[in-house]
Amino acid sequence: KDGKTLVSYPADKNSTTYNVPSGVTTIDMCAFGKSTKLTTVNLSSTVTTIEESAFNRLTNLTSFDTKNVKTIGKTAFMASGITSITFGSALETIGTMAFQNCNNLTNIQIPNNIKTIEAQAFNGCTELATITFSEPTHLTTIPANTFSNCDMLSTITIPEGIVTIGNGAFNPSGLNEVYLPTTS
């Protein structure tokens, strides 16, 4: 409408790569919902918001760089095929179930500017083996079921500043070692 919101990517387009135009600030709800052929989406530096279910179930999407995105909405990448995601330093919020059931995702680096990770954000990422928190962190809570059903996760270091870990945040998972901060 105003050129700042990408409302919909044509489902019948045969391309495997799409470059989001400069000037777009928001990827709208379900914008790529039926784009089964896409393997790569390159965001312009102007994109700051990825709305609910924007890339939901894009099983051929393999990697993603959030660049200057501040907010990733709920179920934004749920059940997509991503194997790696690069979170930019501008990221502040990861929504509920944003990456739930991304079964090919193997590692994530949580940037230190992040303020909110909502419940079940990475629930069911069965191959997720490594979670690294950049420090110092602005994050204070790891909510309920955030990393539950992450079968390959065996070790995690909780950063300074985390004061609350919600019910089942890591349960069930393959977790057998948790390193807590030395101060609270």
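Note that this is a predicted model, so its numbers are computed, not measured.

This paragraph deals with a nonpolar patch on the surface. A surface patch of nonpolar side chains, about 280 Å² in accessible area, is lined by Ile165, Val178 and Leu180. Inspection of the secondary structure assignment puts leucine 180 in the segment after strand E16 (177-179).

Right, let's talk about the environment of glutamate 177 for a bit. Residue placement: glutamate 177 occurs in strand E16. Given a relative accessible area of 35%, glutamate 177 falls into the partly exposed group. Counting along the chain gives 137 residues from glutamate 177 to threonine 40, while the straight-line C-alpha distance between them is 35 Å. With residues up to four places along the chain from it excluded, the contact list for glutamate 177 reads Ser154, Thr155 and Ile156.

Moving on, we get to unusual backbone geometry. Following glutamate 135, the chain continues to proline 136 via a peptide bond in cis, the omega torsion being 0 degrees. Its place among the elements puts proline 136 in the loop between strand E12 (130-133) and strand E13 (141-142). Going from asparagine 171 to proline 172, the amide bond is cis rather than trans, its omega being -5 degrees. Of note, the phi angle at serine 53 is positive, near 60 degrees, even though the residue is not glycine. Turning to its location among the elements, serine 53 is positioned in the loop between strand E5 (49-50) and strand E6 (63-65). Backbone geometry places asparagine 145, a non-glycine residue, at a positive phi of 60 degrees.

Scoring rules and cut-offs
Per chain, residue numbering runs from 1 following the sequence as it is written. Under the rules for a predicted model, residues below a pLDDT of 70 receive no local features and side-chain atom pairs below 80 are neither given nor counted, while totals for whole chains, interfaces and linings still include all residues. With hydrogens and water set aside, each side-chain value is computed from the structure's full complement of heavy atoms. Like-charged residues are merged into a patch within 9 Å and nonpolar side chains (Val, Leu, Ile, Met, Phe, Trp, Tyr) within 5 Å, provided each residue has over 30% relative accessible area and no salt bridge. Note on areas: these come from Shrake-Rupley sampling with a 1.4 Å probe, and a residue is covered only by the protein chains present in the view. Every case where a carboxyl oxygen of Asp or Glu lies within 4 Å of a side-chain nitrogen of Lys or Arg is listed as a salt bridge. A run of H or I in DSSP becomes a helix once it reaches four residues, and a run of E becomes a strand once it reaches two; helices and strands are each numbered from the N terminus. Residue exposure (1.4 Å probe, protein chains only): buried if accessible area is under 20% of the type maximum, exposed if over 50%, otherwise partly exposed. Contacts between residues were defined by any pair of non-hydrogen atoms, one from each residue, lying within 4.5 Å.

Purely spatial values, then, with no claim about function.
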